[in-house]
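The chain contents come next:
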Amino acid sequence: MTSPTPADDRPLLSAVDLHKAYGSTPALDGATLHLRAGEIVAVMGASGSGKSTLLHCLAGIVPPDAGQVHYRDRELSAMSDAERSALRRTEFGFVFQFGQLVPELSCLENVALPLRLGGTRRRVAEQRAAEWLGRLEVTEVAGHRPGEVSGGQGQRVAVARALVTAPRVLFADEPTGALDSLNGEQVMRLLTEAARHTGAAVVLVTHEPRVAAYADREIVVRDGRTRETVLAER
Amino acid sequence: MSIGQTFLGLLEASPRHGYELKRVYDERFGQGRPLHYGQVYSTLARLLKSGLVEVDGVEPGAGPERKRYAITAAGVTDVARWLAQPEKPDTYLQNTLYAKVVLGLLTGRDAADILDVQRAEHLRLMRALTRRKADGDLADQLICDFALFHLEADLRWLELTAARLDQLAATLRVPAPHPDRSTP
């Protein structure tokens, strides 16, 4: 488990003046974002504004055409593919709108999977996975497959899986996008509580203001450009 | 909110003293704006005069605050009518923010800035309410959710308006605020 260092105010993750186009369609046109350890930042914007592309660049999933992304002291584009994969596996966690759980595995096995891939023994991995299912209040679905649980339960399992390795950064892309209001609220409450518990910083992409209100501050993306409208209040 | 009818509803649940009515009202519905004792007793006096409540008993040696009030049959009918009647939805047609956006465009200021500053203010309040919800009971959560959904509606309007500033500028016959940007 890692905790932010209060004295260290340098950003944990920084993106400066990112540009990215898909063919002739610009997605990012000068996006900048600084994420400090342990903080929760909402990235807001309309559909097609570039907010998911920004997340993908920040997480090293797609390379920007121009601009730089630094995680701690290292630039992502200077890393090898293997190094970036290792970074995503060990330092980053991901929660998407849906479709991220392996359908053939039980919910417990899904949560244990990142630990197993990192070499943790099955017994230990499943014990920790069970603890995380408890923290996300979905112990009862441990033996069920993802197809047998509700959307809200599935997202809570996904959050448990994303945080079980104690990542430094959690990337959440519209994590409540497929849920109704009540389930969305539960997922956000548990996600933010769990992230604060582990000290993980969160990049929360959402177009919903009520979801963004769980963050410490927000960044607005419009036409591929970012506009930070509020300073951190913490 | 109608204090009189709220009192009637509380009295239908059980007879109460004036100070007890104030305490329950403040706790359930006050949201940081407690009633003045003057409001409590003037409201009860009006309800007494209209025959909607009656004095159910006076405790020995008591001042006016020691009277216990009970709802009458007419009071029950009145509160039933009030509860069954829908609240008139606000039309929200008198809109200061809209006026600010129009005036921003007409005076050549950056109307997008006006919207951004407002969005930040709305989200600041939404964060505070979300934190309050996390620490509160179910009553707190429901009260805060009511406010949060309304604030969210405002924010949707802000987004939609931000996307339509160029069109609005055209209808006002002022130069587009973002000449380098195509209208969505």
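Coordinates for the structure precede this section.
Not measured: the values here are computed from a predicted model.

Time to look at the nonpolar core. Membership of the largest hydrophobic core comes to 62 residues, with the highest contact counts inside it found for Val111(A), Trp132(A), Leu136(A), Val157(A) and Leu105(B). In this structure Val111(A) touches Ala129(A), Trp132(A), Leu133(A), Val157(A), Ala160(A), Arg161(A) and Val164(A), once residues within four positions along its chain are discounted. Counting 30 residues, the second-largest nonpolar core is a separate cluster that includes Leu13(A), Val41(A), Val205(A) and Ile219(A).

Attention now goes to helix H1 (residues 51–58) of chain A. Note that an α-helix has 3.6 residues per turn; residues three or four places apart therefore point the same way. Residues and elements named next belong to chain A. Among the eight residues in H1, six count as buried, and that is most of the element. Turning to H1, its buried residues number three or more, namely Lys-51, Thr-53, Leu-54, Leu-55, Cys-57 and Leu-58. Just beyond H1, the residue with positive phi is Gly-60, at close to 75 degrees.

As a further point, take the interface of chain B and chain A. Facing 19 residues of chain B, the contacting portion of chain A comprises 21 residues. Across the chain B/chain A interface, buried area totals approximately 1,800 Å², and carbon plus sulfur atoms make up 51% of it. Taken together, chain B and chain A are joined by four salt bridges. Residue Glu185(A) pairs with Lys133(B) through a salt bridge whose shortest N-O separation is 2.4 Å. Summed over the shared surface of chain B and chain A, the result is five residue pairs in polar contact (both at pLDDT 80 or more).

Let us look at the pattern of salt bridges. Taken as a whole, this structure holds 29 salt bridges over all chains when the rule is applied. Residue Glu152(B) pairs with Arg210(A) through a salt bridge whose shortest N-O separation is 3.0 Å. Residue Glu152(B) is located in helix H7 (residues 138–163), and its partner Arg210(A) is located in helix H7 (residues 209–212); the two belong to separate chains. Here the two residues Glu152(B) and Arg210(A) agree in accessibility, since each one is buried. A salt bridge links Glu121(B) to Arg124(B); its shortest N-O distance comes to 3.2 Å. Here the residue Glu121(B) and the residue Arg124(B) both occupy positions in helix H6 (residues 111–135), the gap between them amounting to three residues, near one helical turn. Classification of Glu121(B) by relative accessible area gives partly exposed; the value is 42%. Judged by its relative accessible area of 35%, Arg124(B) falls in the partly exposed class. Here the residues in one salt-bridge network are Glu185(A), Arg210(A), Lys133(B), Asp145(B), Glu152(B) and Arg156(B), joined through shared partners.

Within a sheet, adjacent strands bond to each other through the backbone by hydrogen bonds, running parallel or antiparallel. All names here are of chain B. As summarised here, the arrangement of the three strands in space is S1-S3-S2, forming an open sheet in which the pairing is antiparallel. Each having just a single partner strand, strand S1 (16–17) and strand S2 (53–58) make up the two edges of the open sheet. Bridge count for S2 against strand S3 (residues 67–71) is five bridges, and the pairing is antiparallel. Within S3, the residue paired with Glu-54 across the bridge is Ala-70.

Bringing the packing of aromatic side chains into the picture now. We describe a pair of aromatic rings using the distance from one ring centre to the other and the angle between the two ring planes. Taken as a whole, this structure holds seven aromatic pairs over all chains when the rule is applied. Considering the side-chain rings of Phe92(A) and Phe171(A), the 5.0 Å spacing of their centres and the 75 degrees angle between planes classify their relative orientation as edge-to-face. Remark: Phe171(A) occurs in strand S7 (residues 169–173) and Phe92(A) occurs in strand S6 (residues 92–95); sequence separation between them is 79 residues. The class for Phe92(A) is buried, based on a relative accessible area of 2%. The class of Phe171(A) is buried, set by a relative accessible area of 0%. Centre to centre, the rings of Tyr37(B) and Tyr41(B) are 6.4 Å apart; their planes meet at 15 degrees, and the pair counts as stacked. One end of the pair is Tyr37(B) and the other is Tyr41(B), both in helix H3 (residues 37–49) and four residues apart, which spans about a single turn. Of the residues examined, Tyr37(B) reaches a relative accessible area of 47% and is grouped as partly exposed. Members of the aromatic cluster, joined through ring pairs, are Tyr71(A), Phe92(A), Phe94(A), Phe96(A) and Phe171(A). Residue placement shows Arg135(A) over the ring face of Trp132(A); its charged tip is 4.5 Å from the ring centre.

Cut-off values and rules
Residues numbered from 1 in each chain as written. Chains lettered and ligands numbered in written order. Predicted model: local features only at pLDDT ≥ 70, side-chain atom pairs only at ≥ 80, totals over all residues. Heavy atoms only, no water. Core = buried A, V, L, I, M, F, W, Y, C linked by side-chain atoms within 4.5 Å. Buried < 20%, exposed > 50% of the residue type's maximum accessible area, 1.4 Å probe, protein only. Contact = heavy atoms within 4.5 Å. Helix = DSSP H or I, 4+ residues; strand = E, 2+ residues; numbered from the N terminus. Buried area = accessible area lost by both parts, 1.4 Å probe. Salt bridge = Lys/Arg side-chain N within 4 Å of Asp/Glu carboxyl O. Polar contact = N/O pair within 3.5 Å; in protein donor to acceptor, adjacent residues only side chain to side chain. Pairing = 2+ DSSP bridges. Phe/Tyr/Trp six-rings, centres within 6.5 Å; stacked < 30°, edge-to-face > 60°. Lys NZ or Arg CZ within 6 Å of the ring centre and 35° of its normal.

From the geometry alone we can't say anything about function, so treat these as descriptive.
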